[in-house]
Protein chains: 2
Amino acid sequence: MLDRIGDRWSVICILHLGEHEVLRFTELRRLISGISQRMLTVTLRDLERDGFVARKVKPVIPPHVEYRLTPLGRALMENVRSLCQWANDHQEAVRRARESYDARALQDVSS
Amino acid sequence: MLDRIGDRWSVICILHLGEHEVLRFTELRRLISGISQRMLTVTLRDLERDGFVARKVKPVIPPHVEYRLTPLGRALMENVRSLCQWANDHQEAVRRARESYDARALQDVSS
DNA sequence: CAGAATCCAGTCGGATACTG
DNA sequence: CAGTATCCGACTGGATTCTG
């Protein structure tokens, strides 16, 4: 299951669905700028398969498909969100660590 | 930073370092059966670069290198562990969701 | 012991074109 | 609108070999 958490697009999808209750395919596509429609399709199918997202098709023309989090998906979203929150709070520390590491690496090369 | 959380080997490394305080390269390698020495090297260097892991080299022959979590790394580990805990608690639900999805998918094909 | 370097097969994901 | 299908370049990570 950690695969899904480790997947960039899955996380972003879940986060957006967490703030919007229900979203159509194209709405999600617009929210997640940069995602290809192929990856959105694949990601949503995987999330649906795992029981995190519910997909409802309204049989009209043109097609109308809604996505929303299941209770399980909402629970996952809470966890993911708090992890993202933590990541956000400490990203500055990581940035500094990287800078100092890279600086040391440069030193080691020149010596 | 979510890259690191999403990386399978990073998560496993962090978890092991969370229960062992300090580990040598080969000890980690043995604990994480299945990892190649290349990926262990790469993973540890990335974790060190991000400031999650401290690497201490004792200049003896043969080499003796120790890895341990930094305070930042320990904080990350707590988060990761609770997420893994959640994942574990709900993996059965996911398994069922997948089964029912796959069953439905088969139906749809045959109809 | 703890890596570094190289090679290479497999996978991922973007771009594009087509459809009910 | 909401996909599916195909092609293909890029990156990933394992296996292997070599080193202080």
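Refer to the structure printed above.
The rules behind each value
Residues numbered from 1 in each chain as written. Chains lettered and ligands numbered in written order. Predicted model: local features only at pLDDT ≥ 70, side-chain atom pairs only at ≥ 80, totals over all residues. Heavy atoms only, no water. Buried < 20%, exposed > 50% of the residue type's maximum accessible area, 1.4 Å probe, protein only. Helix = DSSP H or I, 4+ residues; strand = E, 2+ residues; numbered from the N terminus. Pairing = 2+ DSSP bridges. Contact = heavy atoms within 4.5 Å. Buried area = accessible area lost by both parts, 1.4 Å probe. Salt bridge = Lys/Arg side-chain N within 4 Å of Asp/Glu carboxyl O. Polar contact = N/O pair within 3.5 Å; in protein donor to acceptor, adjacent residues only side chain to side chain. Nonpolar A, V, L, I, M, F, W, Y, C, P; charged D, E, K, R; others polar. Near = heavy atom within 4 Å.

Draft legend 1. The pairing of strand 3 (residues 64-69) of chain A, seen in detail. When you tally the buried positions in strand 3 of chain A, you get five out of six residues, the bulk of the element. Hairpin connection between strand 2 (residues 53-58) of chain A and strand 3 of chain A: a loop of five residues separates the two successive antiparallel strands.

Draft legend 2. The arrangement of the interface of chain A and chain B in detail. Counting from both sides, the interface comprises 26 residues of chain A and, opposite them, 27 residues of chain B. Interface area for chain A against chain B, summed over the two sides, is near 2,700 Å², with a carbon-plus-sulfur share of 72%. Applying the counting criterion to the chain A and chain B interface returns four salt bridges. In this structure, the salt-bridge partner of Arg49(B) is Asp102(A), at a minimum N-O distance of 2.6 Å. Our count for the chain A to chain B interface comes out at six residue pairs in polar contact (both at pLDDT 80 or more). Listing elements by their share of the side of chain A that touches chain B, those giving two or more residues are helix 1 (2-6), helix 4 (37-49) and helix 5 (71-110) of chain A. For the side of chain A that touches chain B, the element with the most residues is helix 5 of chain A, which contributes 16 residues. Among the residues forming the side of chain A that touches chain B, the class breakdown is 15 nonpolar, five polar and six charged.

Draft legend 3. Region of the structure containing the protein's contact with DNA strand C. In the vicinity of DNA strand C there are 19 residues, among which Met39(A), Thr26(B), Gln37(B), Arg55(B) and Tyr67(B) approach most closely. Restricting the count to atoms of DNA strand C within 4 Å of the protein gives a sugar and phosphate share of 65%. Contact between DNA strand C and Arg45(B): a phosphate oxygen at 3.2 Å from a side-chain N or O atom of the residue. Between DNA strand C and Arg55(B), the relevant distance is 2.5 Å, taken from a phosphate oxygen to a side-chain nitrogen or oxygen of the residue. Listing elements by their share of the surface near DNA strand C, those giving two or more residues are helix 4 of chain A together with helix 3 (25-31), helix 4 (37-49) and strand 3 (64-69) of chain B. With four residues, helix 4 of chain B is the single largest residue contributor to the surface near DNA strand C. Across the surface near DNA strand C, the residue classes tally to eight nonpolar, five polar and six charged.

Draft legend 4. Quick look at the pattern of salt bridges. Residues and elements named next belong to chain B. For the coordinates displayed, the defined rule picks out 22 salt bridges over all chains. As a salt-bridge pair, Arg4 and Asp46 come within 3.9 Å of each other at their nearest N and O atoms. In this pair, Arg4 sits in helix 1 (residues 2-6) while Asp46 sits in helix 4, placing the two residues 42 residues apart along the sequence. Arg4 sits in the buried class, given a relative accessible area of 15%. Here Asp46 falls in the partly exposed class, since its relative accessible area comes to 26%.

Draft legend 5. Seen up close, the protein's contact with DNA strand D. Near DNA strand D lie 18 residues; those nearest to it are Thr26(A), Gln37(A), Arg55(A), Tyr67(A) and Met39(B). Each atom of DNA strand D within 4 Å of the protein was classed as base or backbone; sugar and phosphate made up 60%. The side chain of Tyr67(A) places a nitrogen or oxygen atom 2.4 Å from a phosphate oxygen of DNA strand D. A distance of 2.9 Å separates a phosphate oxygen of DNA strand D from a polar atom in the side chain of Ser36(B). For the surface near DNA strand D, the elements supplying multiple residues, two or more each, are helix 3 (25-31), helix 4 and strand 3 of chain A together with helix 4 of chain B.

Note that every value here comes from positions in space, so none of it alone points to a role or purpose.
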